[in-house]
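Summary of the model geometry
These are the residues of each chain, in order.
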Protein chains: 2
Amino acid sequence: MLTQPSIAADARIMLSACAAPRRESRDHFSDRFGGRGYDTVEGLCSDPDVEAIYIATPHQMHRDHAVTALRAGKHVLIDKPLCVDLEDAQAIVDCAEETGRHVIVGPSHSFDLQIQKTLNLIESGEFGPVRMIHALNYTDFLYRPRRPEELVTAEGGGVVFSQAVHQVDIVRLLGGGLVDSLCAATGSWDPARPTECAYSAHLTFRSGAFASLTYSGHAHFDSNEFCGWVGELGNDADPDSYGKARSALTGVASASEEAALKSMRTFGGVGALPDATHNEHFGPLIVSCDHADLRPTPDGVWIYADGEKRFVPVPTHGAPRRAVFDALWAAVREDRPAIQDARWGLASLEVCHAILRSAGTRTPVMLNHQVPVRGRS
Amino acid sequence: MLTQPSIAADARIMLSACAAPRRESRDHFSDRFGGRGYDTVEGLCSDPDVEAIYIATPHQMHRDHAVTALRAGKHVLIDKPLCVDLEDAQAIVDCAEETGRHVIVGPSHSFDLQIQKTLNLIESGEFGPVRMIHALNYTDFLYRPRRPEELVTAEGGGVVFSQAVHQVDIVRLLGGGLVDSLCAATGSWDPARPTECAYSAHLTFRSGAFASLTYSGHAHFDSNEFCGWVGELGNDADPDSYGKARSALTGVASASEEAALKSMRTFGGVGALPDATHNEHFGPLIVSCDHADLRPTPDGVWIYADGEKRFVPVPTHGAPRRAVFDALWAAVREDRPAIQDARWGLASLEVCHAILRSAGTRTPVMLNHQVPVRGRS
């Protein structure tokens with residue numbers, strides 16, 4: 001749903017077919033895009049006109065859907081996270097390599113243009129190596145309407161699988177990809193929503209760089225305040241609409257009523273997207289190099305360097321998630337793999353699992369599946 | 001030097017004597033305050049009119065000076081940190097307990113009025129237990145003029161002993177005092193100033209709360225930007241005076257020239273203090289409780305609660321460090337020990353050492369000398 005405007009605005013993409021168990025979803029799709037509707041993934045995958053499949057199903061279904069699509073010779077774009085279990089992730093990686101098809105994991109905020117620009121600035125070498133990264137994000141994530149499984153960690157619910165993966169993708173991208181070890185703690189503070197609502201993680205990279213990642217989806221404070229009051233989706237956030245998510249939820253009587261509210265945001269629902277006049281973002285971020293601190297914002301990158309500070313503006317693409325489809329196009333039509341491929345997705349997922357494991361055992365966790373930023377030094 | 005205006009403004013305090021090896025310092029003191037000047041600490045401690053001694057000597061001298069003063073029956077206020085070595089810290093603790101005299105470690109930003117107010121709000125119980133604390137501070141600390149030993153870790157130099165101790169004091173105060181374990185990394189990025197310039201630490205408390213502490217004294221970004229452009233000393237910071245410390249240092253030819261520049265800031269020097277129209281602070285801070293995030297700022301505390309957000313203003317005291325002398329007065333004249341006593345100072349120092357040790361060994365460190373917030377639940 002959140003990605004649909006970007007697809008609609010992209011002349012390179014034709015939505016030629018979909019798979020959905022519900023007839024209304026298929027009909028809505030056909031009415032709107034003129035494409036064919038299948039009631040199974042297998043049906044969709046047998047359609048010879050389909051080059052790539054966008055898998056936006058719940059996380060725990062990603063493995064089956066991805067393997068089916070890849071075996072049918074399709075490239076796939078998989079909504080982050082790659083999946084929930086590391087074993088499933090490895091199966092997707094293996095299948096992509098066997099079939100020679102491309103997998104891209106996204107949209108994720110590591111595609112945001114100001115993050116990509118920050119990566120370019122780091123790679124210019126002008127500011128020396130990355131030494132320390134600081135990322136924080138305070139949101140009302142856990143108090144937005146949720147389907148029941150989104151509040152169950154084992155099913156990929158909670159902030160670690162849904163939200164940490166964004167922060168981890170961004171920080172791995174800017175830190176070179178190779179996380180060495182981490183220590184973390186998670187919080188689960190609301191018995192009515194018994195999954196991880198917050199975490200703090202301390203990461204070290206093989207390069208010697210280190211990073212601090214903090215996320216609260218239980219937050220009352222909104223860290224958009226530190227981002228010029230721009231919301232996650234690039235919209236103008238309203239500082240005066242305090243506490244809307246929690247107060248809306250107060251009026252909800254049951255889990256099914258809440259799930260119905262949530263489904264308003266899925267495809268075919270009537271939820272409207274806010275106007276995005278800035279780039280999307282995932283909270284305040286400071287990247288410290290020897291000769292500058294780099295601070296991506298929704299509108300560009302602040303460079304605080306030895307001799308001067310300056311702002312490098314990064315215009316929006318019009319459709320905010322276009323970078324994801326640039327990557328998909330490059331992979332499908334030019335055989336150029338994305339940074340955020342299946343191995344990258346596995347590596348980020350490993351960090352998410354390590355956050356949970358470190359929090360549970362109160363010991364550091366060593367990482368084994370990390371990959372560097374593809375095609376980079 | 002930074003504390004002197006608070007002393008001058010406090011009618012309860014008479015500066016009746018000092019000890020200083022340099023005659024000019026003693027003469028300046030006598031001219032200004034009419035007090036007696038001694039050339040040794042022993043001399044000062046034998047003065048029967050002296051009730052309490054403020055030890056503002058370099059960190060590595062604190063033990064000898066404190067023990068001498070305590071044995072002479074004086075109470076002492078010791079500039080943070082308590083000292084550098086844990087063994088010295090234990091000796092001061094033991095001596096304070098043997099002599100029954102009071103030790104206060106400060107000024108430290110844990111005395112800042114908005115921090116004290118945040119503690120009161122936590123203790124009100126209205127918002128539930130503290131779950132997560134996030135503290136960051138980006139400054140040009142390492143690029144201000146330094147004496148040579150301030151750039152040598154073993155002599156108490158670098159950001160861990162001078163700066164972490166503030167952040168640790170604040171976070172321990174708001175988290176209940178009892179740190180269980182920590183993981184940390186430190187950075188030393190400038191060969192010309194070869195000591196710790198930055199750190200990131202992940203702390204867990206015995207209560208289950210956790211905290212993330214990040215500090216850069218190598219920073220180009222100035223986190224006062226997230227504090228309404230108020231500087232550490234409560235002054236209005238100028239967003240347009242970018243990079244002043246580094247550029248001033250560029251013109252300095254030698255360590256001795258730099259030390260001379262630094263001595264302008266010590267007592268008897270001519271450095272002027274900026275106007276403090278706000279409270280002092282030590283960077284952005286977010287304390288997450290079950291039912292609110294509390295965010296102390298130089299002018300008060302933001303309470304982002306379940307149903308509403310509100311700001312509780314905290315007026316300045318006029319003299320910003322008055323809270324330290326309130327604590328000294330309570331200890332000396334009313335026999336009420338301060339929270340920030342010798343044991344507290346030892347506990348905070350232990351955390352600083354643990355940051356260095358964890359960074360060196362890349363393993364977590366367990367804490368053994370922690371104490372709860374005195375007189376609190």
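Residues numbered from 1 in each chain as written. Chains lettered and ligands numbered in written order. Predicted model: local features only at pLDDT ≥ 70, side-chain atom pairs only at ≥ 80, totals over all residues. Heavy atoms only, no water.

Let us now look at the overall build of chain A. Tallying secondary structure elements over chain A gives eleven helices and 14 strands in all. Expected size for 377 residues packed as a compact globule is a radius of gyration near 21 Å; at 20 Å, chain A falls within 12% of this value. If one aligns the C-alpha atoms of chain A with their principal axes, the spans along those axes are about 60 × 50 × 40 Å. Scored against the burial criterion, the 377 residues of chain A give a buried share of 57%. For chain A, contacts bridging at least 24 residues in sequence account for 70% of all contacts bridging at least 6. For chain A, the accessible surface area stands at approximately 14900 Å², while carbon and sulfur atoms represent 51% of it. (Helix = DSSP H or I, 4+ residues; strand = E, 2+ residues; numbered from the N terminus. Rg over C-alpha atoms; globule rule 2.2 N^0.38 Å. Buried < 20%, exposed > 50% of the residue type's maximum accessible area, 1.4 Å probe, protein only. Contact = heavy atoms within 4.5 Å. Areas by Shrake-Rupley, 256 points an atom, 1.4 Å probe, with all protein chains shown as cover.)

In this section: the relation of the copies chain A and chain B. Aligned on chain B, chain A shows an RMSD of 0.0 Å; the corresponding rotation is 180° and the shift along the axis is 0.0 Å. One copy is carried onto the other by what is essentially a two-fold rotation axis. The share of interface residues of chain A whose copies in chain B are also at the interface is 98%, consistent with both copies meeting through the same surface. (Least-squares fit on C-alpha atoms with pLDDT ≥ 70 in both.)

Here, UniProt's "domain: Gfo/Idh/MocA-like oxidoreductase N-terminal" (unreviewed entry) annotation points to residues 14-106 of chain A. Helix makes up 43% of residues 14-106 of chain A and strand 18%. Its end C-alpha atoms lie 19 Å apart. (UniProt positions renumbered as here; feature names shortened; annotations may be inferred.)

A few words now on unusual backbone geometry. Outside of glycine, negative phi angles account for most residues, and trans bonds account for most peptide bonds. Residue and element names in this part refer to chain A. Cis geometry is found at the peptide bond from Lys-80 to Pro-81, where omega equals -10°. Cis peptide bonds are those with omega within 30 degrees of zero, and the linkage from Gly-106 to Pro-107 qualifies with -5°. Within the fold, Pro-107 resides in the loop between strand E5 (103-105) and helix H6 (113-123). Here Trp-229, not a glycine, exhibits a phi torsion of approximately 55°, which is positive. Among the residues examined, Trp-229 registers a relative accessible area of 21% and is labelled partly exposed. With phi around 55°, Asp-335 is a residue other than glycine that occupies positive phi space.

Here the focus is the pattern of salt bridges. Applying the stated criterion across every chain, the model contains 48 salt bridges over all chains. Here B:Asp306 ties to A:Arg246 by a salt bridge, and the two come within 3.8 Å at their closest N and O atoms. Of the two residues, B:Asp306 sits in the loop between strand E12 (300-305) and strand E13 (309-313) while A:Arg246 sits in helix H8 (residues 244-250), which places them in two different chains. For B:Asp306, a relative accessible area of 35% corresponds to the partly exposed category. (Salt bridge = Lys/Arg side-chain N within 4 Å of Asp/Glu carboxyl O.)

Residue and element names in this part refer to chain B. Residue position: Tyr-143 is located in the loop between strand E6 (130-138) and helix H7 (158-175). On the accessibility criterion, Tyr-143 (7% relative accessible area) is buried. Contacts of Tyr-143, omitting those with residues within four sequence positions, involve Asp-190, Arg-193, Gly-217, His-218, Ala-245, Arg-246 and Leu-249.

Glancing now at the interface of chain A and chain B. Each partner contributes to the interface: chain A provides 48 residues, whereas chain B provides 47 residues. Regarding the contact of chain A and chain B, the summed buried area is about 4100 Å², with carbon and sulfur atoms giving 63% of it. Contact with chain B buries area across many residues of chain A, yet A:Trp189, A:Phe226 and A:Tyr242 alone supply 16% of it, more than any other trio. Put simply, chain A and chain B have six salt bridges between them. As a salt-bridge pair, B:Asp180 and A:Arg362 come within 3.4 Å of each other at their nearest N and O atoms. Tallied by class, residues from the side of chain A that touches chain B come to 23 nonpolar, 14 polar and eleven charged. (Buried area = accessible area lost by both parts, 1.4 Å probe. Nonpolar A, V, L, I, M, F, W, Y, C, P; charged D, E, K, R; others polar.)

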